[in-house]
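Architecture at a glance
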Amino acid sequence: MWKGMLVIVVWLLVCGLVSACAPRGVPPPEEKVVTYLDLTDLSGPVTGMTVPIEAAHIDYSKMLNEEGGIDGVKINLITVDTRYDVSRAVSAYKRHLGDPKFVRYLTGSTAQGKALLPLSEGYQVLDTVGEAKAVAQPTWSFMWLTTWTDDFGALCDWCLADWQKKGKPGTP
């Protein structure tokens with residue numbers, strides 16, 4: 001009987017040693033995620049334009065993440081309703097600047113872009129704005145629409161061409 005118990009004890013010790021020495025499974029790879037802050041107007045004066053755009057941002061980010069992200073990097077889209085207010089945009093930017101892998105923000109107005117541009121200097125954060133001066137010099141700023149100055153210039157070109165086409169003298 002003692003011999004049988006000794007065999008069981010030795011067997012348990014051997015099993016414990018074998019399982020302790022066995023190689024562990026490979027840990028799952030750490031998920032790669034970047035943070036994208038979208039400062040938009042969801043309840044202010046331009047919601048008719050911004051709500052559909054934001055719905056597309058949300059849906060597209062979900063789709064990309066479901067497909068494994070971009071080159072394996074998923075997007076943490078943070079949407080903040082600024083109500084088209086500059087102070088709310090500045091507050092949200094400051095609040096999220098320290099988020100892990102904060103790489104990009106999108107402003108909903110020229111005024112927000114102008115207010116946030118000096119705050120983003122010194123950080124490697126992409127700034128997507130709608131203001132021409134922000135991209136006139138090499139920075140981390142990129143345009144997401146035509147600027148008002150570009151639109152006005154195109155209007156002036158069209159007016160002049162139309163004026164001359166009609167044979168009117170001088171300039172309008």
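Residues numbered from 1 in each chain as written. Predicted model: local features only at pLDDT ≥ 70, side-chain atom pairs only at ≥ 80, totals over all residues. Heavy atoms only, no water.

1. As for the packing of aromatic side chains
Enumeration according to the criterion identifies two aromatic pairs in this entry. Linked through ring pairs, Tyr93, Phe102 and Tyr105 together constitute an aromatic cluster. A cation over an aromatic ring shows up here: Lys168 above the ring of Trp163, its NZ or CZ 4.9 Å from the ring centre. (Phe/Tyr/Trp six-rings, centres within 6.5 Å; stacked < 30°, edge-to-face > 60°. Lys NZ or Arg CZ within 6 Å of the ring centre and 35° of its normal.)

2. Some details on the packing of helix α3 (residues 86-96) against helix α4 (residues 110-120)
Running from amino to carboxyl end, α3 crosses α4 at an angle of 30°, the nearest separation of the two axes being 9 Å. By the angle between their directions, the pair α3 and α4 is classed as roughly parallel. α4 is crossed by α3, and the crossing has right-handed handedness. Taken together, the residues of α4 that come into contact with α3 (itself represented by Val86, Ala89, Val90, Tyr93 and Lys94) are Ala111, Gln112, Ala115, Leu116, Leu119 and Ser120. Of the residues belonging to the contact of α3 with α4, the class tally is eight nonpolar, two polar and one charged. (Axes fitted to C-alpha atoms, helices over the stretch in contact; angles between N-to-C directions. Helix = DSSP H or I, 4+ residues; strand = E, 2+ residues; numbered from the N terminus. Parallel < 35°, antiparallel > 145°, perpendicular 65-115°, else oblique. Left-handed = near helix turned anticlockwise from the far one by under 90°. Contact = heavy atoms within 4.5 Å. Nonpolar A, V, L, I, M, F, W, Y, C, P; charged D, E, K, R; others polar.)

3. Focus on the confidence of the model for the protein
For residues with low pLDDT, the predicted coordinates do not support detailed interpretation. Of all residues in the protein, 70% attain a pLDDT of 70 or more, and the chain-wide mean is 79. Within the protein, no element has a lower average pLDDT than helix α1 (residues 2-21), which sits at 56, and none a higher one than strand β2 (residues 73-81), at 94. (pLDDT = per-residue confidence, 0-100.)

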